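# Summary of the model geometry
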Amino acid sequence: MIPLILLAVLAFCVLVQLYYALFYFLPLSRYKDPEPDTHRPVSVIVAAHNEQDNLFELLPMLLDQQYPEYEIILVNDRSDDDTEFYVYELERQFPNFRVVTIKKTPEYLNPKKYALALGIRAAKYEHMLFTDADCRPCSERWIEKMQSGYAAGADLVIGYSPYKKLGGFLNHLIRYETLLTAIQYLSHANKGHAYMGVGRNLSYTKSCFFRNKGFASHIKTTGGDDDLFVRDAVNNSKASIVISKEGQTVSIPKKTFREWLVQKRRHMAAGRQYNAADKGRIGTFISSNILFYTLVIILLVLNSHLTILAALVGIRYLAVFPIYVSVARRLDEGVSLPLLPLLDIAYFFSYLLLGVSVVLNKRIRWK
């Protein structure tokens, strides 16, 4: 009797995943970015803390963007390396490059949000585009492609930022986790349920920022300058997405499991403050996958109804994985097909372990 109940629950999990795959994810695989309607002046804002080596690579790429009118604002946030000398030399050479320097952050404020807020206040243009110092635009048309999102009447544009392909299983897992997370937030935004974006590739207007009181609702929270801001902004602002390769930025991934786990714990800690409806949608998808794999393991141990079990697993893999791959291709993201089942299992169980870790240890720090 118990195995049959477990099979029924497993079948329900498969149906839930099919719903998400067909209703949310499949339309994303067919999504096309809006065509640019005009070239709006843009302020590109980067906050950097001791990022001299990264800025040596990033800033020339930003200065080489093929866009008629834009400025770059570099917020030098308490750096004690040679960032100051490098950026001030660029400021002297390029009229569209400006530096905002922070010597000390008020104790009651989150450092990164304080740095971004000062950069936003210094921006002279209404439309702003954000990335991080360890990111690289994937093309010289990055600004143009991200600004095409405003053609749909939005005042917040959510982009995609994958991680660089390197060797090793950890890199495969990081890139798969980034892909699957992006599939979720991009597809929900495409359906009018935006709940997060990534600060590595995000754009919004000054009006949107000040209308939503900036980062005020989560100013003391570590992280959330991207996802929690989107959470607040969508209450009275329209969000759109840009997913083409030319509109992406690529980031340098963590090299060790420890560094990656610290990063993911920080991201998940901000997720506790999502709206109930968003938590419900995300949680249902994640929980159905975790429960799916848990039940598969239990039924294998029980050695019960293996034919039905194989059929349910086959249906799930043959229906869901091709859609994942289709979206990955649309994002120009490579997926290792032989590793896909293993990466999927590792993703959902690491999500479970990270969630438990965040609940048990709430001390999350920012550099």
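Along each chain, residues carry numbers from 1 onward, in the same order as the chain's sequence is written. Note on the predicted model: pLDDT of at least 70 is required for a residue's local features to be given, and 80 or more for side-chain atom pairs to be given and counted; whole-chain, interface and lining totals, by contrast, use all residues. Working from all heavy atoms in the structure, the side-chain values ignore hydrogens and water.

## A look at the overall build of the chain
Put simply, the rule reads: Helix and strand labels come from DSSP, where a helix needs a run of H or I of at least four residues and a strand needs a run of E of at least two; each type is numbered from the N terminus. As defined in this context, the radius of gyration uses C-alpha atoms, and a globule is described by 2.2 Å times the residue total to the power 0.38. In what follows, a contact means two residues having at least one pair of non-hydrogen atoms within 4.5 Å. Using a 1.4 Å probe, accessible areas were evaluated by the Shrake-Rupley method; residue-level cover was limited to the displayed protein chains. Only four residue types enter the charge count: Lys and Arg as positive, Asp and Glu as negative, with His and the chain ends excluded. Lysine's charge is taken at NZ, arginine's at CZ, aspartate's at CG and glutamate's at CD.
For the chain, the helix and strand inventory stands at twelve helices and nine strands. What you see for the chain is a C-alpha radius of gyration of 21 Å, in line with the 21 Å of a compact globule of 367 residues. Referenced to the eigenvectors of the C-alpha coordinate spread, the extents of the chain come out at roughly 75 × 45 × 40 Å. By sequence separation, contacts in the chain at least 24 residues apart represent 83% of the contacts at least 6 residues apart. Entry remark: accessible area of the chain is about 16200 Å², with carbon and sulfur atoms responsible for 59%. Here the chain carries 43 positive and 34 negative side-chain charges, and the mean point of each set is 8 Å from the other.

## Topic: the layout of surface pockets
Operational definition: Buriedness for pockets is judged along seven lines, at least five of which must meet protein on both sides within 12 Å for an open set on the 1 Å grid over protein atoms alone, while cavities are sets there where a 1.4 Å probe fits but cannot get out, and lining residues have an atom within 4 Å of a point. Grid points are joined across faces, edges and corners, and a volume is the space filled by probe spheres set on the points.
Approximately 220 Å³ is the volume attributed to the second largest pocket. In terms of lining residues, the second largest pocket is bounded by 13 residues, among which Ala-117, Arg-121, Phe-209, Phe-215 and Ile-219 are the most central. Looking at the lining of the second largest pocket, the elements that each hand over two or more residues are helix 4 (111-122) and helix 7 (206-211). No other element matches helix 4, which puts five residues into the lining of the second largest pocket.

## A look at the nonpolar core
Selection criterion: Residues enter a nonpolar core if they are buried and are Ala, Val, Leu, Ile, Met, Phe, Trp, Tyr or Cys, with the set joined through side-chain atoms within 4.5 Å. Buried, partly exposed and exposed residues are distinguished by accessible area as a fraction of the type maximum, computed with a 1.4 Å probe on protein chains only: under 20%, between the cut-offs, and over 50%, respectively. An automatic or database domain assignment supplies the residue ranges for each domain.
If you look at the biggest cluster of nonpolar residues, it comprises 83 residues, and the most contacted ones within it are Leu-156, Ile-158, Leu-186 and Tyr-204. Examining the composition of this core, we find that twelve residues originate from one element, helix 1 (residues 2-29), more than from any other. When residues of this core are assigned to domains, at least three map to each of domain 1 (1-28 + 275-358) and domain 2 (32-253).

## Considerations on the UniProt feature "transmembrane region" (unreviewed entry) in the chain
We apply this condition: UniProt positions are given in the numbering used here, feature names are shortened, and annotations may be inferred rather than shown by experiment.
Under the local residue numbering, the UniProt record ascribes the feature "transmembrane region" (unreviewed entry) to residues 6-26, 290-319 and 339-360. As annotated, residues 6-26 comprises 100% helix and 0% strand, and the C-alpha atoms at either end are separated by 28 Å. The span residues 290-319 carries 90% helix and 0% strand; its end-to-end C-alpha distance comes to 17 Å.

## Notes on the sheet that holds strand 7 (residues 202-205)
In plain terms, the rule: In this description, strands pair whenever DSSP reports at least two bridges between them. All axes are obtained by fitting lines to C-alpha atoms, using only the stretch in contact for helices, and the reported angles, taken between N-to-C directions, cover 0 to 180 degrees.
Spatial ordering of the open sheet is given by 3-2-1-4-7-6-8, a layout of seven strands whose pairing is mixed. Both edges of this open sheet fall to strand 3 (97-102) and strand 8 (239-241), since each of them pairs with a single strand only. Strand-to-strand twist in this sheet, taken as the mean axis angle between neighbours without regard to direction, amounts to 20°. Where strand 6 (residues 156-158) lies against strand 8, three bridges are found, and the strand directions are parallel. Residue pairing for strand 8: Ile-158 is matched across the bridge by Ile-241. Strand contacts of helix 3 (residues 83-93): strand 2 (70-77) and strand 3, with the helix running at about 150° to strand 3, the strand carrying the most contacts.

## With respect to the pattern of salt bridges
Which entries qualify depends on this criterion: Basic side-chain nitrogens of Lys or Arg form a salt bridge, by our definition, when they fall within 4 Å of a carboxyl oxygen of Asp or Glu.
Per the stated rule, a full pass over the model turns up 14 salt bridges. Here Arg-78 ties to Asp-77 by a salt bridge, and the two come within 2.8 Å at their closest N and O atoms. We classify Arg-78 as partly exposed; its relative accessible area is 23%. One salt bridge in this structure joins Glu-89 and Arg-92, with 2.5 Å as the shortest N-O distance. Of this pair, Glu-89 and Arg-92 both sit in helix 3, separated by three residues, roughly a single helical turn. A relative accessible area of 33% places Glu-89 in the partly exposed class.

## Considerations on the domain arrangement of the chain
Our working rule: Once two parts are brought into contact, the accessible area they lose, counted with a 1.4 Å probe and summed over both, makes up the buried area. Polar contact criterion, stated in full: a pair of N or O atoms within 3.5 Å, where within protein one must be able to donate a hydrogen and the other to accept it, and residues adjacent in sequence count only if both atoms are side-chain atoms.
Along its sequence, the chain is organised into domain 1 (1-28 + 275-358) and domain 2 (32-253). Look at where the C-alpha atoms of domain 1 and domain 2 centre, and you get two points 31 Å apart. Facing 30 residues of domain 1, the contacting portion of domain 2 comprises 28 residues. Around 2700 Å² of area is buried between domain 1 and domain 2 when both sides are counted, 70% of it from carbon and sulfur atoms. On the domain 1 side of the interface with domain 2, the three residues burying the most area are Leu-28, Leu-331 and Tyr-347, jointly 24% of the side's total. At the junction of domain 1 and domain 2, the tally comes to one salt bridge. In this structure, Glu-333 engages Arg-175 in a salt bridge whose closest nitrogen and oxygen atoms are separated by 3.7 Å. Put simply, domain 1 and domain 2 have six residue pairs in polar contact (both at pLDDT 80 or more) between them.

## Side note on the environment of Phe-229
Within the secondary structure, Phe-229 sits in helix 8 (residues 227-233). When its relative accessible area of 0% is taken as the criterion, Phe-229 is described as buried. In this structure the C-alpha to C-alpha distance between Phe-229 and Ser-139, which are 90 residues apart in sequence, comes to 26 Å. Leaving out residues up to four positions away in the same chain, Phe-229 has contacts with Leu-156, Tyr-204, Cys-208, Phe-209, Asn-212, Gly-214, Phe-215, His-218 and Gly-224.

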